Amino acid sequence: MQWNILGHQTAIRFLQNHAKLANTRHAYLLTGPEGVGRETLALAFAKALNCLTPPSEGTFCDQCLPCRQIEELRYPDLTILRVAEGSKDLKIDQIREMQKTLALAPYQSTYRIVLIPDFQRATIGASNALLKSLEEPPSKAILILTADARESLLETIASRCEVLRLRPSSIEALETYLREQKAINPNRAKRLAHLAGGRVGSAISFDQNQDLLTAYDEALADLGELINSQLRERLQYVENLQKRKSASREHFAFLVSVWLTFWRDVMIRREGAEIPLVNIEHENQVSETARLIPSEQIESILNAHENALVNLDANLNPRLVIENLLLALPLLQVA
Ligand SMILES: [Zn+2]
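Quick summary incoming for the structure in this document. (Residues numbered from 1 in each chain as written. Predicted model: local features only at pLDDT ≥ 70, side-chain atom pairs only at ≥ 80, totals over all residues. Heavy atoms only, no water.)

Take the packing of helix α14 (residues 295-313) against helix α15 (residues 318-327) next. α15 packs onto α14 with a crossing angle of 175° between their chain directions and a minimal axis gap of 10 Å. Here α14 lies roughly antiparallel to α15, going by the angle between them. On α15, the residues touching A304, H305, A308, N311 and L312 of α14 are P318, V321 and L325. Taken together, the residues of the contact of α14 with α15 break down into 6 nonpolar, 2 polar and no charged. (Axes fitted to C-alpha atoms, helices over the stretch in contact; angles between N-to-C directions. Helix = DSSP H or I, 4+ residues; strand = E, 2+ residues; numbered from the N terminus. Parallel < 35°, antiparallel > 145°, perpendicular 65-115°, else oblique. Contact = heavy atoms within 4.5 Å. Nonpolar A, V, L, I, M, F, W, Y, C, P; charged D, E, K, R; others polar.)

Next comes the structure, spelled out in structure tokens:
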């Protein structure tokens, strides 16, 4: 009996055994790229540990009160500690506050579970504070951390956790899953699976957020025009962008990250690599662009985009960052 999750079979079997034998560790670390399903897996584990009527050992029913409360993130013995809204990192005070809760006995279940997503965003102070809970773990507590990679955390933290590394599914498996389990029409399923690069969470958030998908298409359409435009028009574009209501550092970073996916696709085509494209519905534009630019130049365009993201993150003037980026683009005649 499975957890009804796409992929991650090894990790699921492993956690099912821990739940089945009531042989849990004090801390788990689930690593993998954003949208790969780290939190979904953590919540499934919480359900398997707390389900009142599991269909078989190590599984969960998804219908009893604990299962529903966990799904709705309002289970009394489950705490989720996130980076505060508007903040960049997880602070030491948040960890200390959580530790007070952790020390209390669970209300109704065997374990008190604390889930801390994206622990790579913890400050050094917060990491060191958490270390205390890992060195002397309260007996009834289970900590579940997620992170982009094990290497992003202090080794003293990672080495005290059971580390499970999650990878994206194949594009085909995700496409099938979206069609069969989520009743998404075949064309859209194909597009979403490619866009998400096999990460099920990303595919579903694209599916549920039409505004995001529209913004994504607009960003690519803009880029298509920009590489056919003179410098003057490119500067005009940035000026217009700046005037828009949606203008913000985040929006500029979004544009650059979408463009980056396009240029990565161009590189894949140029090099003839056997890697699926992200922007499958723009395959012609990708191939045409790849035909016109040598690899070294694509490489420097990719670097310029990565630098732009770093600079936006480092609080440089967004307008200047985008202007510099657009001036670094070649002028092409792409149909
Ligand atoms: Zn249940």
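Here we come to the nonpolar core. By size, the foremost hydrophobic cluster in this structure holds 51 residues, and its most contacted members are L174, L178, Y237, W259, W263 and L326. Ranked by the residues each element gives to this core, the list is headed by helix α12 (residues 249-271), at 12 residues. Look past the residues within four positions of Y237 in its chain and what remains in contact with it is D222, L226, L255, W259 and L326. Listed in part, the 32 residues of the second largest apolar core include I5, F45, I144 and L164. (Core = buried A, V, L, I, M, F, W, Y, C linked by side-chain atoms within 4.5 Å. Buried < 20%, exposed > 50% of the residue type's maximum accessible area, 1.4 Å probe, protein only.)

When you line up the elements, L81 lands in the loop between β2 (78-80) and α4 (92-103). According to the relative accessible area criterion, L81 is buried, its value standing at 11%. Sequence spacing of L81 and P117 is 36 residues, and the spatial spacing of their C-alpha atoms is 7.1 Å. Those residues within four positions of L81 in sequence are excluded, and the remaining contacts are L90, Q94, I95, M98, L115, I116 and P117.

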